[in-house]
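Descriptive structure summary
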Amino acid sequence: MKPPVLCVDTTASASLYASIVFNIFSALIHNYPTLLLSRALIGICVGLNGNVAKLLMSEGASSPRVSKQAVSITSIVFTLGAGWVAVVGYFLIEPMGWRIFLVSTSIPLIIPCIALVHFCSRFDRENLIMENLSHAPELFSSIKQKIDHIPQADVIAFHKDKKIEDDDENTVLIRKEEITDLTSRTIKASLFGAINFVQGHGSILLLPSLISYGNEQGTGGDQECAGLIHGTQYLIIALISGGANTFGRICGFILIPRLPFKILQPILAVLLASCYGFLLLNTGPIWMEIIMAIIKIGYSMMVLEGWLLMADTTYFGTETIDRYSAIAIANAYVGSTLGTALAIFLEPHTAVLCTCVISVVQILVVWSMMKIR
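Residues numbered from 1 in each chain as written. Predicted model: local features only at pLDDT ≥ 70, side-chain atom pairs only at ≥ 80, totals over all residues. Heavy atoms only, no water.

Looking at the overall build of the chain
When helices and strands are tallied, the chain shows 13 helices and three strands. Within the chain, the proportion of its 373 residues that are buried is 43%. Put simply, 77% of the contacts in the chain that link residues at least 6 apart link residues at least 24 apart. For the chain, the exposed area adds up to about 20,000 Å²; of that, 67% sits on carbon and sulfur atoms. (Helix = DSSP H or I, 4+ residues; strand = E, 2+ residues; numbered from the N terminus. Buried < 20%, exposed > 50% of the residue type's maximum accessible area, 1.4 Å probe, protein only. Contact = heavy atoms within 4.5 Å. Areas by Shrake-Rupley, 256 points an atom, 1.4 Å probe, with all protein chains shown as cover.)

Below, the structure is given as structure tokens:
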């Protein structure tokens with residue numbers, strides 16, 4: 001794999017250090033425009049870190065199976081953090097104040113990440129396999145037998161132009177992933193991730209908007225502050241956003257290795273489109289919260305597939321994953337912006353309708369990816 005222009009270790013370290021600075025900066029300032037600027041800078045750090053984290057795992061894993069497990073576990077832990085801070089915030093943000101809460105919940109958790117980047121050595125996958133093979137010459141013949149069926153055009157000599165020879169002086173060849181339709185694959189991965197982020201990230205603000213709209217309708221809009229969220233509704237939002245999200249990632253971790261893409265992902269795509277359709281029926285607050293929890297679970301299972309996709313060398317190619325995966329991830333975050341904008345600027349049911357239409361498009365995107373995945 002060709003290294004990117006900037007070393008992924010350096011990029012990861014820079015994004016983590018900058019996150020600390022910008023968190024402290026946002027906690028110290030006292031005006032709204034500067035607060036927005038600091039949060040935007042933190043968003044840039046999150047984007048940088050999201051790109052390089054998957055690349056680090058893809059490069060450092062000793063096998064595709066280990067890479068998938070690492071990405072899946074990282075996705076689950078990421079969601080646990082989001083759920084943990086939401087629930088803790090419900091109980092502590094009022095007595096502590098948002099500034100102290102922001103610093104005390106973010107910076108202590110960033111420090112171990114920085115230590116890991118600095119002190120945990122990166123693995124060169126080719127050299128690691130080379131070393132293992134050099135200590136196990138008895139495996140050469142069995143490896144050769146397993147790859148004899150691979151066409152000559154699809155194999156290369158292992159570790160650049162160097163050849164590995166067994167006791168019988170037979171050359172052992174290792175397959176190299178080379179993809180010819182990268183543009184098409186990147187577009188499909190971008191659409192898959194972007195629409196998934198419209199559904200998931202958009203629901204973070206869509207849920208409070210629907211609850212607020214229900215409060216206003218329930219009181220007829222006559223009482224002062226009728227549409228405001230209050231009491232246990234904050235905890236409900238935290239549990240749906242964090243708890244259902246975590247449950248969905250765990251379900252994805254279990255089901256994705258056992259069910260092929262062409263079965264699981266179409267089911268999830270249809271489920272999410274149907275759930276947004278049901279939200280248009282004004283089913284009441286309890287059913288609305290249940291449906292939003294189902295949406296979160298379905299989104300979490302699909303986004304885990306997206307994480308795995310972005311770190312998959314068989315999809316993007318061994319030599320090109322660093323560039324094309326980064327492009328797909330960046331395009332996916334456009335969906336996050338769109339989903340958030342729909343929830344903020346549109347009336348709740350109009351936002352639901354738009355998201356429902358976009359979710360139907362996701363069914364077509366998944367169908368177009370079934371042969372590749």
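Remarks on the packing of aromatic side chains
A complete count under the given rule lists three aromatic pairs for this structure. Look at Tyr315 and Phe316: their rings are 4.9 Å apart centre to centre, the planes differ by 75°, and that puts the pair in the edge-to-face class. For the pair Tyr315 and Phe316, one class covers both residues: buried. Geometry around Tyr315 places Arg185 over its ring, the cationic atom sitting 5.3 Å from the centre. (Phe/Tyr/Trp six-rings, centres within 6.5 Å; stacked < 30°, edge-to-face > 60°. Lys NZ or Arg CZ within 6 Å of the ring centre and 35° of its normal.)

Some remarks on the side chain of His201
Relative to the elements of secondary structure, His201 occurs in helix 7 (residues 182-218). Those residues in contact with His201 that sit more than four places away from it in its chain are Tyr299, Tyr333, Ser336 and Thr340.

Some details on the pattern of salt bridges
Summed over the entire model, instances satisfying the criterion amount to two salt bridges. The residue Asp322 makes a salt bridge to Arg323 at a minimum N-O spacing of 3.8 Å. Since its relative accessible area comes to 10%, Asp322 is described here as buried. (Salt bridge = Lys/Arg side-chain N within 4 Å of Asp/Glu carboxyl O.)

Topic: the environment of Val360
Looking at where Val360 falls in the secondary structure, it is placed in helix 13 (residues 348-369). When the C-alpha positions of Val360 and Ser274 are compared, they lie 8.8 Å apart, and in sequence the two are 86 residues distant.

A look at the packing of helix 12 (residues 321-345) against helix 13
Direction vectors running N to C along helix 12 and helix 13 enclose 150°, while the axes themselves pass 8 Å from each other. With respect to each other, helix 12 and helix 13 are oriented roughly antiparallel. Residues Leu338, Leu342 and Ala343 of helix 12 lie in contact with helix 13, whose contacting residues are Ala351, Cys354, Thr355 and Ile358. Residues of the contact of helix 12 with helix 13, tallied by class, amount to six nonpolar, one polar and no charged. (Axes fitted to C-alpha atoms, helices over the stretch in contact; angles between N-to-C directions. Parallel < 35°, antiparallel > 145°, perpendicular 65-115°, else oblique. Nonpolar A, V, L, I, M, F, W, Y, C, P; charged D, E, K, R; others polar.)

Digging into helix 3 (residues 64-96)
Because an α-helix completes one turn every 3.6 residues, residues spaced three or four positions apart along the sequence face the same direction. An ideal rise of 1.5 Å per residue puts 48 Å on 33 residues; helix 3 measures up with 45 Å between its terminal C-alpha atoms. The largest bend in helix 3 amounts to roughly 50° and is located at Gly89. Listed in full, the buried residues belonging to helix 3 are Ser67, Val71, Ser72, Ser75, Ile76, Thr79, Gly83, Val88 and Gly89. (Expected span 1.5 Å × (residues − 1). Bend = angle between axes of the 7 residues up to and from the residue.)

Some points on the state of the cysteines
Every disulfide links exactly two cysteines, by a covalent bond between their sulfur atoms. Following the criterion strictly, the structure yields zero disulfides and no others. The thiol of Cys354 is unpaired, and the distance to the nearest cysteine sulfur, on Cys356, comes to 9.9 Å. Note on Cys354: relative accessible area 28%, which makes it partly exposed. Overall, the relative accessible area of 13% leaves Cys356 in the buried class. (Disulfide = S-S within 2.5 Å.)

Concerning the packing of helix 3 against helix 10 (residues 285-310)
Running from N to C, helix 3 and helix 10 cross one another at 135°; their axes reach a closest spacing of 9 Å. When the axis of helix 3 is compared with that of helix 10, the two are oblique. Between helix 3 and helix 10 lies a crossing of right-handed hand. Together, Lys68, Val71, Ser72, Thr74, Ser75 and Phe78 of helix 3 and Leu304, Trp307 and Leu308 of helix 10 make up the contact between the two elements. Of the residues belonging to the contact of helix 3 with helix 10, the class tally is five nonpolar, three polar and one charged. (Left-handed = near helix turned anticlockwise from the far one by under 90°.)

Brief notes about the environment of Asp312
Position of Asp312 relative to the elements: it lies in the loop between helix 10 and helix 11 (313-316). Note: C-alpha distance between Asp312 and Leu55 (257 residues apart in sequence) is 9.3 Å. Within polar-contact distance, the side chain of Asp312 engages the side chain of Thr314 at 2.5 Å. (Polar contact = N/O pair within 3.5 Å; in protein donor to acceptor, adjacent residues only side chain to side chain.)

Focus: the nonpolar core
Counting 55 residues, the largest nonpolar core has Leu279 and Ile295 as its most contacted members. If one sorts the elements of this core by residue count, helix 10 sits on top with 14 residues. Residue contacts for Ile295: discarding those within four places in its chain leaves Gln199, Leu272, Cys275, Tyr276 and Leu279. (Core = buried A, V, L, I, M, F, W, Y, C linked by side-chain atoms within 4.5 Å.)

With respect to the side chain of Arg249
Mapped onto the elements, Arg249 comes out in helix 8 (residues 233-255). Buried and without a salt bridge, Arg249 has Glu305 as its closest oppositely charged side chain, separated by 12 Å. Excluding residues within four positions of it along the chain, Arg249 makes contact with Ser75, Ile76, Phe78, Thr79, Tyr299, Ser300, Val303, Leu304 and Trp307. (Lys, Arg positive; Asp, Glu negative; His and termini not counted.)

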